[in-house]
Amino acid sequence: MEEKEQQLSISIPVISASPSGDLDLEACSFPPKLSILTGFHAGYFRISLSLCGQALLWKTLSEPGTDARGLRHVVRMLPSAAFVLLWSIALASLVLLCALYACRCLFKFRNVQAEFLHHVGVNYLFAPWISWLLLLQSASFLRPGSSAAYDALWWVFSVPILVLDLKIYGQWFTKGRRFLSAVANPTSQMTVIANLVGARAAAKMGREEVATCMFAVGIAHYLVLFVTLYQRFEGSNSLPVMLRPVFFLFIAASSTASLAWSSISGSFDTASKMLFYLSLFLLASLVSRPALFRRSMRRFNIAWWAYSFPLSMVALAATEYAQEVTGGVPNALMLLLAVLSVLVIVVLMGFTAVKTGDLLPRGDDDPFVPSHQIAPAA
């Protein structure tokens, strides 16, 4: 109680008036800047995930393929400046989001702690590291296995994932059989996706043992998580209606697993195909149930960006599948998913530009911290 009174006595003079009784404009302008950080959270990294995933998709499509008549041939006809622009936009968005979250850690550390303890918020703490790994793989000036910078950056972006793994998976393993069923929700798959993206990046640079290790950790917990969510599909009940687009992470997890195993094994083999087919089944299951997302689509919000990243990953898996299984159907499937992925991200970027006010966090609305724990702001 004394601590709360001390915090209250500190915050009120800063946001009200100067000792002389005159209104201090500088003091009044400072809290709104901090109030934005109150509403800002790791879920905003959905934007960088989508852009970085799209950059990796188009880099893969621009690489030489076996079918000269396929989509890859059309993409290679585009000017290289288009890919540089897309990669630069992804980098700029990721740097901006990281800078904002660093400020949140500095000025709103209590809110970050609450986010770390939240059953949804903690999962998106993996998102910035996934974004950096995707951006690393899509960089045209860094070659995996032949660049020391690539290897060093991989370790910088992967070590935080392993540290978070110990926290998340350690809780699942040690806190009893009912703990996972209580906290599991579709966003929990972000923990799995992080390991699988790291495994794919490690395999690309020739670190097969490290890649296999990360893949094993990720896929083992994916199986446990998938069964838990499948059996009690009440994970939607623990999520606000506006977060229902995160159900598309089911597609992202299986697609990323397919890509990771393909990189480790060296070919899009039977295991990779099985995971890809699972992705298609999950995509069809979600698309055929639009009523699940109807209420979440009434007003634009940051959760809408949850549609884009999974579609980019399944489109990326489709390009690998079309490379291995030649024919009209695989190429048509690759074209359909790639076009759908592009259309979704273009629409999201348009809505973000037009409805920026709906996307920006509200100063007095932190989704993870109870209102009585947030210092008052003007």
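Residues numbered from 1 in each chain as written. Predicted model: local features only at pLDDT ≥ 70, side-chain atom pairs only at ≥ 80, totals over all residues. Heavy atoms only, no water.

Looking at an unreviewed UniProt entry, one finds the protein chain named S-type anion channel SLAH1, with Ensete ventricosum as its source organism. Check the Subunit (unreviewed entry) section of the UniProt entry for the protein chain; it says "Homotrimer." Quoted verbatim from the Sequence similarities (unreviewed entry) field of UniProt, the annotation for the protein chain is "Belongs to the SLAC1 S-type anion channel family." (UniProt positions renumbered as here; feature names shortened; annotations may be inferred.)

Trainee: Requested: an account of the overall build of the protein chain, with residues and values cited.
Mentor: Within the protein chain one finds 17 helices and 0 strands. Every one of the 378 residues in the protein chain was classed for burial, and the buried ones make up 49%. Pairs at least 24 residues apart make up 79% of the contacts formed inside the protein chain by residues separated by at least 6 positions. (Helix = DSSP H or I, 4+ residues; strand = E, 2+ residues; numbered from the N terminus. Buried < 20%, exposed > 50% of the residue type's maximum accessible area, 1.4 Å probe, protein only. Contact = heavy atoms within 4.5 Å.)

Trainee: So what's going on with the packing of aromatic side chains? Residues and values would help.
Mentor: Counted according to the given criterion, the structure contains 23 aromatic pairs. Their ring planes at 40° and their centres at 5.3 Å tell us that F215 and W261 sit as a pair that is tilted. Here F215, found in helix α11 (residues 208-231), pairs with W261, found in helix α12 (residues 249-265); they are 46 residues apart in sequence, far enough to count as distant. Under the relative-accessibility criterion, W261 is labelled partly exposed at 26%. Relative to F226, the ring of Y222 has its centre 5.8 Å away and its plane inclined at 45°; by these criteria the two rings are tilted. Taken as a pair, Y222 and F226 lie in helix α11 at a separation of 4 residues, close to a single helical turn. A relative accessible area of 3% places Y222 in the buried class. Judged by its relative accessible area of 18%, F226 is buried. Taken together, Y222, F226, Y230, F247 and F250 form an aromatic cluster joined through their ring pairs. For R46, the ring lying beneath its charged end belongs to Y124, and the centroid distance is 4.4 Å. It is K167 that lies over the ring of F116; its NZ or CZ is 4.6 Å from the centre. (Phe/Tyr/Trp six-rings, centres within 6.5 Å; stacked < 30°, edge-to-face > 60°. Lys NZ or Arg CZ within 6 Å of the ring centre and 35° of its normal.)

Trainee: Can you explain helix α6 (residues 109-116)? Please cite residues and give values.
Mentor: Taken as a whole, α6 has its buried residues at N111, V112, A114 and E115. Here the buried residues of α6 occupy an arc of 160° about the axis, which is enough to place them on one side. (Arc of directions from axis to C-beta.)

Trainee: Go over the side chain of S138, please, and point to the residues and values.
Mentor: By secondary structure assignment, the location of S138 is in helix α7 (residues 127-138). Only 3.3 Å separates the side chain of S138 from the side chain of W87, close enough to count as a polar contact. (Polar contact = N/O pair within 3.5 Å; in protein donor to acceptor, adjacent residues only side chain to side chain.)

Trainee: Just give me the short version of the nonpolar core, but keep the residues and values in it.
Mentor: Counting residues in each nonpolar core, the largest one holds 108 residues, and the members touching the most others are I130, L134, W154, M190 and I193. Every residue in contact with M190, bar those within four places of it in the chain, is listed here: L49, N123, Y124, F126, A127, I130 and L249. (Core = buried A, V, L, I, M, F, W, Y, C linked by side-chain atoms within 4.5 Å.)

Trainee: Kindly report on the pattern of salt bridges, identifying the contributing residues and their values.
Mentor: For the structure on display, the rule yields 3 salt bridges. The closest approach of N and O atoms between E115 and R104, which form a salt bridge, is 3.3 Å. Of this pair, E115 sits in helix α6 while R104 sits in helix α5 (residues 80-107); the two residues are 11 residues apart in sequence, bridging distant segments of the chain. Here E115 and R104 have matching classes, each one buried. Notably, a salt bridge pairs R200 with E320, separated by 3.9 Å at the nearest N-O pair. Placement of the pair is R200 in helix α10 (residues 189-204) and E320 in helix α15 (residues 308-324), with a sequence separation of 120 residues. Both residues of the pair, R200 and E320, count as buried. (Salt bridge = Lys/Arg side-chain N within 4 Å of Asp/Glu carboxyl O.)

Trainee: Which residues make up the packing of helix α8 (residues 148-174) against α11, and what values do they have?
Mentor: The relative placement of two packed helices comes down to the angle between their axes together with the axis-to-axis distance. It is the contact of α8 with α11, at a shortest axis distance of 12 Å, that shows an interaxial angle of 35°. Handedness of the α8/α11 crossing: left-handed. In this structure, α8 uses W154, I161, L162, D165, Y169 and W172 to contact α11, whose residues at the interface are V210, M214, V217, H221 and L225. (Axes fitted to C-alpha atoms, helices over the stretch in contact; angles between N-to-C directions. Left-handed = near helix turned anticlockwise from the far one by under 90°.)

Trainee: Tell me about the environment of V287, and name the residues and values.
Mentor: On the secondary structure map, V287 appears in helix α13 (residues 270-287). Judged by relative accessible area, V287 falls into the exposed class, the value being 54%. For the pair V287 and F248, spaced 39 residues apart in sequence, the C-alpha to C-alpha distance is 9.6 Å.

Trainee: Lay out the environment of F268 with the relevant residues and their values.
Mentor: The topology assignment puts F268 in the loop between α12 and α13. Each C-alpha atom of the pair F268 and S258 lies 8.0 Å from the other, and the pair is 10 residues apart in sequence. Beyond its immediate chain neighbours, meaning those up to four positions away, F268 contacts S258, S262, K273, F276, A317, E320, Y321 and E324.

Trainee: Give me the lowdown on the state of the cysteines, citing residues and values where you can.
Mentor: In total, this model carries 0 disulfides according to the counting rule given. Cysteine C52 is unpaired, with the sulfur of C98 as its nearest cysteine sulfur at 9.3 Å. Note on C105: no disulfide assigned, nearest cysteine sulfur contributed by C103 at a separation of 9.2 Å. (Disulfide = S-S within 2.5 Å.)

Trainee: If you had to explain the environment of V210 to someone new, which residues and values would you point to?
Mentor: By secondary structure assignment, the location of V210 is in helix α11. When its relative accessible area of 25% is taken as the criterion, V210 is described as partly exposed. Separated by 11 residues in the primary sequence, V210 and A199 place their C-alpha atoms 7.2 Å from one another. Setting aside its immediate chain neighbours within four residues, V210 contacts W154 and A202.

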